[in-house]
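Architecture at a glance
Next come the chains, spelled out residue by residue.
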Amino acid sequence: MRPGPSPRTRRWPLRDYPVLAWLALALAVSLAHPFIPGSRWLMVHLVMLGALTHAALVWSTHFATSLLKTSSQSHPDSRRRQSQRIALLVTGTLLVVAGVPTGSWPLTLSGAVVVSAAVLWHGVQLWRRLTHALPGRFRITIRYYLAATACLPIGATFGALLARGPDDGLRGRLLVAHTLTMLIGWIGLTVAGTLVTLWPTMLRTRMDERAERLAAQALPAILVALAVAVTGATLGVAPLAAAGIAGVLGSLAWWARALIRPARSKPPRRFTTWSVSAALLWYAGSLAWVGLDVLRATDWADVADGYGFPVTAFVVGFALQLLYGALSWLIPSVMGGGAGAVRAGQAIFDRWAVARLVLVNVGLLACLLPVPSAVRVAVSALVLVALAAFLPLVASCVRAVLAQQRTRTHQVGPPAPESASAWSRRQLVGGLAVLTVAAAIGVAIDPAAAGLPGLTRTGSSASGDAVVPTGRTTRVRVEARDMRYTPASVTVLRGDRLVIEVVNTDPTTSHDLVLASGPRTSRLASGATAELDAGVIGTSLEGWCSVVGHRAMGMTFTIVVVGESSTGPPPQPGHHLASGSATTAAAPDPAIDPHASFGPAFAPVDPVLPPVGPRIQRHTFTVTEVELEVAPGVWQRRWTFGGRAPGPTLHGRVGDIFEITLVNDGSMGHSIDFHAGALAPDRPMRTIAPGQRLTYRFTATRSGIWMYHCSTMPMSAHIAAGMHGAVVIEPADLPAVDRSYLLVQSEVYVGAERARGSAAEVDAEAVAAERPSAVVFNGIANQYDARPLTARVGERVRIWVLVAGPNRPTSFHVVGGQFDTVYAEGTWLLRAGSAGTDTGGSQALALAPAQGGFVELTFPEAGNYPLVSHVMVDAERGAHGIIRVRR
């Protein structure tokens, strides 16, 4: 990694440390990703633009210096100039990673220009070095580098246009063009040019004599295929883009022939070559994945929606493993100290090599498969641990090599001999075992989402009546889709045993089948199958889907018995519910004690309106199902955007662009609908199955406080379960105030299971019957009685109010206060200081479900001012709080 062999250049912080710094930052963001807006984009670019681009700049300079014979007089490229280029690159990268998350396009554009300038400067220096060099072998490597430097400014242009916030279709085209130009052009060509010589060196074997010729033949083919792919993506011609990607893969396969013969003569034995091998396989697989996605997608917006998976494969499978493998060779080799020091350093990188590679590669593969969310979280944590282990190994390697340099005659630890292999069967088995345990833990955390077949309860008689078994078994296949079973009923002879194969063919959500006699399937993900043994059938039975709201929408199943006795009517739906199934309409509403108090550790939902965000806002909303307190001592399993109910508040201005990535980590289908954006609902508001994601983009064109919510049916149940939130778009002339609060009123329906002491899901039948257990501000009944809002005498306070419902309106009132400003549904009803309103006032803000506005007031004296819904029965149900005013 250094341009010359002089010992004085061996330590070069600006050259050596940024790669590790970018990797450490990426690790930190991955750990804190739920709390960082746009964390996925940030992680990708910290690795690809930060670590990998820096490494490409440094490595290509190093190998150009090693391969070309030039003098410093004929081609002056001093350490100072190289440091200036590196500093320019780091500066540009910082501008980009600061500009995109904050929505500052000028900052992003400036960063793209600075990065392009640094790489073009690098290309000019490479060209000068090539033209001044003596004739020699492997000048083709430098030509790969020159082609790569020409690609980066093009890719940076696509990236800057992406940051501008195009519509969904154009975004998908630019995304593919940007990815291909950077990954094939800038990174891919740099790697291909380097591995021609580096690969056999890492294997410590002879180079394929055809290597230079194969590389020279492949380069123009790669460039032509890349041009075809990028042109197809830019113009929106999917077959052309896919054909270009196929051409790139074919050209790279021709180039890769130069790597096969050295690998056959001396197969990879160490972490460094295993890691690079795995990286190349992931690279080819990810490119093929993108090509297939482009070819199969219905439109370019669909390509963008599913792009997260191949990008993850590129970053983790290819980029990080390539970096780790290359650094494992280059760090001890470039530091010097003799063969003993090099072997000692590489031996350190071989520590737990097999286990780390198994965790990363098998774990990544598992994360890309349609596994339950809890399994993905558990396995991805192991992948992250295995990746993070590389950084302390770097420190250990540096210490070991420096010690060897000082002593030369003493070995640091037992360095491996040349022929030693890092292979370990125990590590292989151990790595697979750890992954299996992690997956099992994930299934145990959320068994319903696993969709495992055969998890049924069976009985010898489905009715409990005396029945003589006939010895016959009736088998039937039942498909669950679109809130119905097909067939919706089955006829069985009395005494026959019934076995039902339940198949969920619904692409958007989970289903199950529960029989009134007790047997049930697990909750089945899309495409999953379960066998339900209903036992010996003695009388007619009803069945239903227990996913909240599905039964209410008509998802029922009937077993009709022929020849049944007339000893009594068949059981009615819901009379013999299995544990965890839907509740009945006859179940009494559990009472929420209005006099109960919260514990001392209770933390309320923050009612303070967050500050206005950047002009382009990017957020990830992850759907999760979590137990939350909805009243003092009362807990419910809530369906949430981001683990909270209501979901995150978005705050912007007219003209702001919002890009929301919805990730469904729940156990059923979900969606999202932003009232703040005007657009066709077909694509962005569609329901996605567990494990899927979509991107929802809209521009705020009108001011107001707007509701967002899950629009999956039954919508009332999804909203009542907590899947709602607010988008505040400020009017252009909105004056500043001393304090701004936000209150979202909604209802809570805790269900009959609460009476048995468990935290059940929303009671869909109570929602349909409009029988709320509580009416709440910001998700928890009476929380602002226990933890009041605060203000001071004379301060102007603005309170934004949104009614999420799903059913109850509000008449928002502050006891003891008078509003001098009232804004509702985009209209000023009353405005302080306006002509004719100097003495006017308002006592309440009336809002129906899905409506919002704000009020402003000042408090004349200290005291406790209750804030309530003046629909008094709702105030008594929990829509109540206090503003504590001090002097």
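Quick notes on the rules
Residues numbered from 1 in each chain as written. Predicted model: local features only at pLDDT ≥ 70, side-chain atom pairs only at ≥ 80, totals over all residues. Heavy atoms only, no water. Helix = DSSP H or I, 4+ residues; strand = E, 2+ residues; numbered from the N terminus. Expected span 1.5 Å × (residues − 1). Buried < 20%, exposed > 50% of the residue type's maximum accessible area, 1.4 Å probe, protein only. Contact = heavy atoms within 4.5 Å. Salt bridge = Lys/Arg side-chain N within 4 Å of Asp/Glu carboxyl O. Pairing = 2+ DSSP bridges. Core = buried A, V, L, I, M, F, W, Y, C linked by side-chain atoms within 4.5 Å. Axes fitted to C-alpha atoms, helices over the stretch in contact; angles between N-to-C directions. Parallel < 35°, antiparallel > 145°, perpendicular 65-115°, else oblique. Left-handed = near helix turned anticlockwise from the far one by under 90°. Phe/Tyr/Trp six-rings, centres within 6.5 Å; stacked < 30°, edge-to-face > 60°.

1. Looking at helix α11 (residues 308-335)
Given a rise of 1.5 Å per residue, 28 residues ought to cover 40 Å, and the 38 Å separating the end C-alpha atoms of α11 matches this to within 8%. With 25 of its 28 residues buried, α11 lies for the most part within the structure.

2. Some words on the side chain of Ser746
Within the secondary structure, Ser746 sits in strand β17 (residues 739-748). Look past the residues within four positions of Ser746 in its chain and what remains in contact with it is His724, Ala774, Val775, Val776, Ala804 and Gly805.

3. Regarding the pattern of salt bridges
Scanning the entire structure with this criterion turns up 28 salt bridges. The salt bridge involving Arg877 is made with Asp874; its shortest N-O contact spans 3.0 Å. With Arg877 and Asp874 both in helix α21 (residues 872-877), this residue pair falls three residues apart, about one helical turn. For Asp874, a relative accessible area of 0% translates into the label buried. Ionic contacts of the salt-bridge type, sharing partners, join the residues Arg171, Arg618, Glu659 and Arg697 into one network.

4. Some thoughts on the sheet that holds strand β7 (residues 541-544)
The strand order across the open sheet built from four strands is β3-β8-β7-β5, with neighbouring strands paired in mixed fashion. At either end of the open sheet lies a strand with only one pairing partner, and these are β3 (489-493) and β5 (514-515). By the bridge criterion, four bridges tie β7 to strand β8 (residues 556-562) in an arrangement that is antiparallel. Within the sheet, the bridge partner assigned to Gly543 lies in β8 and is Phe557.

5. Some words on the nonpolar core
Trp59, Tyr144, Leu180, Trp255, Phe318 and Leu323 are the most contacted members of the largest nonpolar core, which has 143 residues in total. The element contributing the most residues to this core is helix α6 (residues 168-203), with 19 residues. Formed by 57 residues, the second largest nonpolar core is a distinct cluster that contains Val548, Leu662, Ile672 and Ala766.

6. What to know about the packing of helix α7 (residues 211-235) against helix α8 (residues 238-265)
The N-to-C vectors of α7 and α8 enclose an angle of 170°; their axes lie 7 Å apart at closest approach. Taken as axis vectors, α7 and α8 run roughly antiparallel relative to one another. The chirality of how α7 crosses α8 is left-handed.

7. Some details on the packing of aromatic side chains
By the definition in use, this model includes 23 aromatic pairs. Judged by centre distance (6.0 Å) and plane angle (70°), the rings of Tyr283 and Phe314 are edge-to-face. Residue Tyr283 is located in helix α9 (residues 271-296), and its partner Phe314 is located in helix α11; the two are separated by 31 residues in the primary sequence. A relative accessible area of 8% places Tyr283 in the buried class. The exposure class of Phe314 is buried, given its relative accessible area of 3%.

8. Topic: the sheet that holds strand β24 (residues 845-847)
Pairing in this open sheet of five strands is mixed, and the strands run β19-β27-β26-β21-β24 from one edge to the other. Edge positions in the sheet fall to β19 (787-792) and β24, since each of these pairs with one other strand and no more. The average angle at which neighbouring strand axes cross in this sheet is 20°, direction not considered.

In short, shape yes, function no, at least from these values alone.
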